[in-house]
Amino acid sequence: MTAVFHAYPAPAKLNLMLKVVGRRADGYHLLETVFRFIDYSDTVELAVRDDGVIELLNPIDGVPAERDLTVRAARLLQQHSGTSLGASIRLTKRIPMGGGLGGGSSDAATVLLALNSLWQTAVPRETLMQLGLKLGADVPVFIFGRNAFATGIGEELTELELPEKWYVVLHPGVHVPTAEIFSSELLTRDSDISIMRILETTQQRRNDLQRVVTIKYPAVNEALSELGKYGSPLMTGSGSCVFLECDSEIEADKVYKTLSQKYNGFVAKGLSVHPLFDSI
């Protein structure tokens, strides 16, 4: 019997603000950040199997299938729910790896959301978020499904209403390892905690990791300088991608057109909810 595949989007995210406000005893950093979903996605295709096997049909070069977050997510839900079903997975990557856009985390979240529906395991959203946290600090927000102000290590989420915006996103062509940036002696870890949290965070435009990355990776600094000719750009996550917020698609397209010969990148609309928000 031919496997029936279902396709699901796994959108990228931007950090519109990111502050490092402390560090826990276990080494994890305490953050304040604003997550915004954008209309630029990987595609996860899933086919239900009745033999219990979890299989990634097209592993990414250099990433063994067993370590891929999509496989780990499927196994985690399988184990938690006790289902006897399995899944074949196909992954189409568009989101650059190591760019701070959350691609791997989003892929994992989409697997949890989609298989929860396909397997009819009926695991509540809150529990899926807890499972996702075992895979990575950015996974829960994609399951939460709404733009959010995040605290803790990024898992304590408060829904944010954000205005309609468009984004020019550039990839400077370098891969920035997250662990290297968070462990750097150059990183300050004592930014003030916001008091008027929601009000302040929608107006602040800073990323405490940006200074460290631009010192270590001049290409990121150069991309910020190029985008800076058109506004106030920011790096997302721990890099390497940088972005500029625009009021219209026309404005964003115009900026990107002038830079597209030098940089890979894209223009994307900000989303108000995750495309799979209503799937569970």
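From a predicted model like this one, the values you see are computed outputs, not experimental measurements.

Cut-off values and rules
- Throughout this document, residue positions are counted from 1 along each chain, in the order its sequence is written.
- Given that the model is predicted, a residue must reach a pLDDT of at least 70 before its local features are reported, and side-chain atom pairs must reach 80 or more before they are shown or counted; all residues, however, enter totals for whole chains, interfaces and linings.
- The side-chain quantities take in all heavy atoms of the structure and omit both hydrogens and water.
- Domain start and stop points were drawn from an automatic or database domain assignment.
- Buried area is a sum: the accessible area each of two parts loses on coming together, probed at 1.4 Å, counted once for each and added.
- Salt-bridge detection follows one rule: a side-chain nitrogen of Lys or Arg within 4 Å of a carboxyl oxygen of Asp or Glu.
- The helix count covers DSSP runs of H or I at least four residues long, the strand count covers runs of E at least two residues long, and both are numbered beginning at the N terminus.
- Angles run from 0 to 180 degrees between N-to-C directions of axes, and those axes are lines fitted to C-alpha atoms, restricted for helices to the stretch in contact.
- We call two directions roughly parallel when the angle between them is under 35 degrees, roughly antiparallel when it is over 145, roughly perpendicular when it lies between 65 and 115, and oblique otherwise.
- Two helices cross in a left-handed way if the nearer one is turned anticlockwise from the farther one by less than a right angle. They cross in a right-handed way if the turn is clockwise.
- The criterion used for residue contact is that any of the two residues' heavy atoms lie within 4.5 Å.
- Throughout this entry, Asp, Glu, Lys and Arg are counted as charged residues, while Ala, Val, Leu, Ile, Met, Phe, Trp, Tyr, Cys and Pro are counted as nonpolar. The remaining residues, Gly among them, count as polar.
- Between buried and exposed lies partly exposed: a residue is buried under 20% and exposed over 50% of the maximum accessible area for its type, with that area taken using a 1.4 Å probe on protein chains only.
- Here the arc refers to the directions that run from the helix axis out to each C-beta atom.
- UniProt positions are given in the numbering used here, feature names are shortened, and annotations may be inferred rather than shown by experiment.
- Ring pairs shown here join Phe, Tyr and Trp side chains whose ring centres sit within 6.5 Å, with only the six-membered ring taken for Trp; geometry is labelled stacked below 30 degrees between planes, edge-to-face above 60, and tilted in between.
- Placement of a positive charge over a ring is assigned whenever Lys NZ or Arg CZ falls within 6 Å of the ring centre and within 35 degrees of the normal to the ring plane.

### Observations regarding the domain arrangement of the chain
Part 1 of the argument: Domains assigned within the chain are domain 1 (6-159) and domain 2 (165-270).
Part 2 of the argument: Put simply, the middle of domain 1 and the middle of domain 2, counted by C-alpha atoms, are 22 Å apart.
Part 3 of the argument: Roughly 2,700 Å² is buried in total at the junction of domain 1 and domain 2, and carbon and sulfur atoms are behind 61% of that figure.
Part 4 of the argument: Broken down residue by residue, the surface that domain 1 buries against domain 2 is led by L16, K19 and V20, which jointly contribute 20%.
Part 5 of the argument: Here domain 1 and domain 2 share zero salt bridges between them.
Part 6 of the argument: When residues of the side of domain 1 that touches domain 2 are traced back to their parent elements, those giving at least two are strand 1 (6-23), strand 2 (29-49) and strand 5 (148-151).

### What about the packing of helix 1 (residues 69-81) against helix 3 (residues 125-133)?
Part 1 of the argument: Contact pair helix 1 / helix 3: the axes reach a minimum separation of 10 Å and the direction vectors enclose 125°. With respect to each other, helix 1 and helix 3 are oriented oblique. The handedness of the crossing between helix 1 and helix 3 is right-handed. Of the residues in helix 3, those in contact with L76, L77 and H80 of helix 1 are T127, L128 and L131.
Part 2 of the argument: Per-class residue counts for the contact of helix 1 with helix 3 are four nonpolar, two polar and no charged.

### Some details on helix 9 (residues 249-259)
Part 1 of the argument: Residues of helix 9 that are buried: A252, V255, Y256 and L259. Axial view of helix 9: buried residues confined to an arc of 95°, hence all on one face. Opposite the buried face of helix 9, by more than 90 degrees, sit the exposed residues I250, K254 and K257.
Part 2 of the argument: Elements in contact with the buried residues of helix 9: strand 7 (166-171), helix 8 (218-227), strand 9 (242-246) and strand 10 (264-269).

### A few points about the UniProt feature "domain: GHMP kinase N-terminal" (unreviewed entry) in the chain
Part 1 of the argument: UniProt annotation of "domain: GHMP kinase N-terminal" (unreviewed entry) refers to residues 69-145 when read in the numbering used here.
Part 2 of the argument: End C-alpha atoms of residues 69-145 are separated by 19 Å, and the span's content is 57% helix alongside 9% strand.

### A look at unusual backbone geometry
Part 1 of the argument: The peptide bond linking G239 to S240 adopts the cis configuration, its omega dihedral lying at 10°.
Part 2 of the argument: Positive phi, normally seen in glycine, also occurs at Q120, with a value near 55°.
Part 3 of the argument: Residue position: Q120 is located in the loop between helix 2 (103-118) and helix 3.
Part 4 of the argument: At A122, a residue that is not glycine, the phi angle is positive and equals roughly 55°.
Part 5 of the argument: With respect to the helices, strands and loops of the structure, A122 is situated in the loop between helix 2 and helix 3.

### A word on the environment of T214
Part 1 of the argument: For T214, the position within the fold is in helix 7 (residues 210-216).
Part 2 of the argument: Classification of T214 as buried rests on a relative accessible area of 16%.
Part 3 of the argument: The sequence separation of T214 and S117 amounts to 97 residues, and the corresponding C-alpha distance is 42 Å.

### Considerations on the packing of aromatic side chains
Part 1 of the argument: Under the counting rule described, the total for this entry stands at three aromatic pairs.
Part 2 of the argument: For the pair Y40 and F266, a centre-to-centre distance of 3.6 Å together with 0° between the ring planes defines the contact as stacked. Taken together, the positions of Y40 in strand 2 and F266 in strand 10 put the pair 226 residues apart, joining distant regions of the chain. We note that Y40, like F266, is buried.
Part 3 of the argument: Each ring, one from Y167 and one from F243, has its centre 6.0 Å from the other, and the planes form 70°; the classification is edge-to-face. On the criterion of sequence distance, the pair formed by Y167 in strand 7 and F243 in strand 9 is long-range, its members being 76 residues apart.
Part 4 of the argument: By relative accessible area, which is 0% here, Y167 ends up buried.
Part 5 of the argument: Above the ring of F5, the side-chain terminus of R90 is found at 3.7 Å from the ring centroid.
Part 6 of the argument: Above the ring of F277, the side-chain terminus of R125 is found at 4.6 Å from the ring centroid.

### A word on the environment of Q79
Part 1 of the argument: Inspection of the secondary structure assignment puts Q79 in helix 1.
Part 2 of the argument: Judged by relative accessible area, which is 65%, Q79 ranks as exposed.
Part 3 of the argument: In this structure, the C-alpha to C-alpha distance between Q79 and G27, residues 52 residues apart in sequence, is 28 Å.

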